[in-house]
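Structural description and commentary
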Amino acid sequence: MEEKTYVDDIDRSVYDIKNEEKDVYRVKEGLTPEIVAQISREKKDPPWMELFRLQSLQIYNQMRVPDWGPSLEGLDMEHIVTYVRPNTHMSARWSDVPEEIKDTFERLGIPKAERKSLAGVGAQYDSELVYHHVREEVAAQGVVYTDMESALKGEYASMVRKHFMKLVRPNDHKFAALHGAVWSGGSFVYVPPGISVTVPLQSYFRLNAPGAGQFEHTLIIVDEGADLHFIEGCSAPKYNVANLHAGCVELYVGKKARLRYSTIENWSKNMYNLNTKRAVVEEGGVIEWVSGSFGSHVSCLYPMSILKGKDSRAEFTGITFAGKGQCLDTGAKIVHQGKNTSSFINTRSISKDGGISTFRSSVVVAKDAKQSRAAVSCQSLMLDSFSRSDTIPAMDIRTPDADIGHEARIGRISEDAVFYLMSRGIGEEDARAMIVSGFAENVSRELPLEYAVEMNNLIQLEMKGSIG
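Residues numbered from 1 in each chain as written. Predicted model: local features only at pLDDT ≥ 70, side-chain atom pairs only at ≥ 80, totals over all residues. Heavy atoms only, no water.

**Observations regarding the packing of helix H9 (residues 415–423) against helix H10 (residues 428–439)**
Definition in use: Axis definition: a line fit to C-alpha positions, over the contact stretch in the case of helices; interaxial angles, taken between N-to-C directions, run 0 to 180 degrees. Segments assigned H or I by DSSP are reported as helices when at least four residues long, segments assigned E as strands when at least two residues long, and all are numbered from the N terminus. Reported orientations rely on four angle classes, namely roughly parallel under 35 degrees, roughly antiparallel over 145, roughly perpendicular from 65 to 115, and oblique for the rest. A clockwise turn of the near helix away from the far one marks a right-handed crossing, whereas an anticlockwise turn of less than a right angle marks a left-handed crossing. Throughout, a residue-residue contact means that at least one pair of heavy atoms, one from each residue, lies within 4.5 Å. Ten residues, namely Ala, Val, Leu, Ile, Met, Phe, Trp, Tyr, Cys and Pro, are considered nonpolar, four, namely Asp, Glu, Lys and Arg, are considered charged, and the remaining ones, Gly among them, are considered polar.
At a closest axis distance of 9 Å, the pairing of H9 and H10 adopts a crossing angle of 125°. On the basis of the axis angle, H9 is oblique to H10. For the pair H9 and H10, the sense of crossing is right-handed. Here H9 contributes Glu415, Ala417, Val418, Leu421 and Met422 to the contact with H10, which in turn contributes Glu428, Ala431, Arg432, Met434 and Ile435. In terms of residue class, the contact of H9 with H10 is made up of seven nonpolar, no polar and three charged.

Put into structure tokens, the structure is as follows:
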């Protein structure tokens with residue numbers, strides 16, 4: 001008997017047959033209960049997850065688009081495809097990935113980076129993971145690194161159910177509800193107590209389909225005394241229609257554990273990047289965010305850290321580059337709940353060719369969070385007279401026993417510095433790019449060498465206006 005192919009059983013009332021391609025199957029544009037139910041069937045969800053999706057859809061339909069921040073007028077969900085399935089299964093062997101998908105990731109440096117500097121890699125193409133692999137020596141430590149769908153139905157199903165969308169809830173905002181309804185792909189990581197993963201793990205997300213959304217879910221649990229560095233990379237080609245990224249990241253940092261979460265986002269400039277990221281940190285734990293935001297037409301990205309346990313700590317280090325036609329609204333939020341907690345937010349933003357860069361910070365200190373310390377530093381660099389940079393700090397301090405500080409600075413490239421470099425034989429364009437790279441050095445020095453090089457290359461391309 002001829003073997004049934006992966007795409008023989010599609011529901012043709014839900015899939016967009018007119019736009020069916022050789023290796024990709026897309027659900028119809030828009031968002032309906034039928035489409036959500038079909039996604040759930042595709043994922044072979046347990047009953048509780050199917051119900052969760054449909055309830056999230058109800059919440060989505062009841063909520064309004066946020067009335068603050070950048071305009072989302074160009075984003076029409078009636079013309080966004082919420083699920084695109086490549087005609088392949090996930091593989092643990094790179095050689096088994098289809099050539100056209102493999103070529104895309106190899107141009108992005110995967111699996112080259114895996115061989116050189118990573119303990120494990122997950123690669124998502126549109127709505128599905130196509131590759132996931134972890135080194136044997138890391139798995140032997142009891143570290144779990146797998147795709148979300150496998151975790152949802154496997155040995156760690158109860159752990160997933162306990163933590164899934166408990167930090168980010170569907171009723172937090174409209175796009176969190178959207179994520180709850182149509183999420184697909186992403187990674188699950190569990191690091192057992194006392195285990196230190198000395199080499200980073202990475203997930204890479206590629207949205208390749210025009211007019212589509214990507215809604216991956218990342219859930220990481222770092223148990224007591226454990227240590228992990230996780231790297232997230234994102235990219236997409238440019239199309240003349242809107243694309244949407246509304247992923248979700250939930251991080252659980254145990255007692256005296258440490259998690260560094262690094263992100264390099266290089267979305268195309270037709271992308272609406274509406275990602276939600278949140279971490280909760282127990283006693284003595286540490287969360288470190290390192291963020292580089294490039295590309296996208298509009299970004300709304302504000303990672304949140306909840307310092308629940310006493311002596312817990314959070315650091316956020318970020319760089320944002322807004323070029324022509326871009327409005328990047330980014331920042332961070334820290335909530336101090338435990339005693340003697342500390343946080344530091346240190347960001348750089350760059351605006352060029354009329355780009356708009358907005359930084360928002362929020363520091364909340366609860367009344368029981370005595371002896372807490374927080375500092376916010378935001379520096380902005382405008383490369384011309386018609387770009388824009390705004391800083392919007394917010395502080396809610398409910399105890400007098402706290403030490404809180406904020407500073408912001410906006411400036412332009414020093415012409416004296418440009419002249420000095422040019423007098424040493426460096427061209428004007430390269431001189432300005434060198435100054436901007438130095439301005440962003442606070443982020444690049446926090447990344448592994450290969451990713452620091454990638455980030456600096458992105459800055460060089462932005463300076464030359466070469467990123468679409």
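**Focus on the pattern of salt bridges**
A side chain of one charge can pair with a side chain of the opposite charge when the charged atoms of the two come close. Rules: A pair is scored as a salt bridge if a Lys or Arg side-chain nitrogen falls within 4 Å of a carboxyl oxygen belonging to Asp or Glu. Relative accessibility decides the category of a residue: with a 1.4 Å probe and only protein chains considered, values under 20% of the type maximum give buried, values over 50% give exposed, and everything between is partly exposed.
Inspection of the entire model under this criterion finds 13 salt bridges. A salt bridge links arginine 278 to aspartate 172; its shortest N-O distance comes to 2.7 Å. Pair noted here: arginine 278 is in strand S15 (residues 276–281) and aspartate 172 is in the loop between helix H7 (157–163) and helix H8 (174–182), with a separation of 106 residues, a long-range link. Take arginine 278: its relative accessible area is 14%, and that puts it in the buried class. Across the pair glutamate 282 and lysine 308 runs a salt bridge whose closest N-O atoms are separated by 3.8 Å. Remark: lysine 308 occurs in the loop between strand S18 (304–307) and strand S19 (313–322) and glutamate 282 occurs in the loop between S15 and strand S16 (286–295); sequence separation between them is 26 residues. One continuous salt-bridge network, built from bridges that share partners, spans Asp227, Arg258, Arg260 and Glu288.

**Details of the packing of helix H1 (residues 33–43) against helix H2 (residues 47–62)**
In the contact formed by H1 and H2, the axes pass within 10 Å of each other and the chain directions differ by 155°. For the element pair H1 / H2, the angle class is roughly antiparallel. For the crossing formed where H1 meets H2, the hand is right-handed. Where H1 abuts H2, its residues Pro33, Val36, Ile39, Ser40 and Lys43 lie against Glu50, Arg53, Leu54 and Leu57. Residue composition of the contact of H1 with H2, grouped by class: five nonpolar, one polar and three charged.

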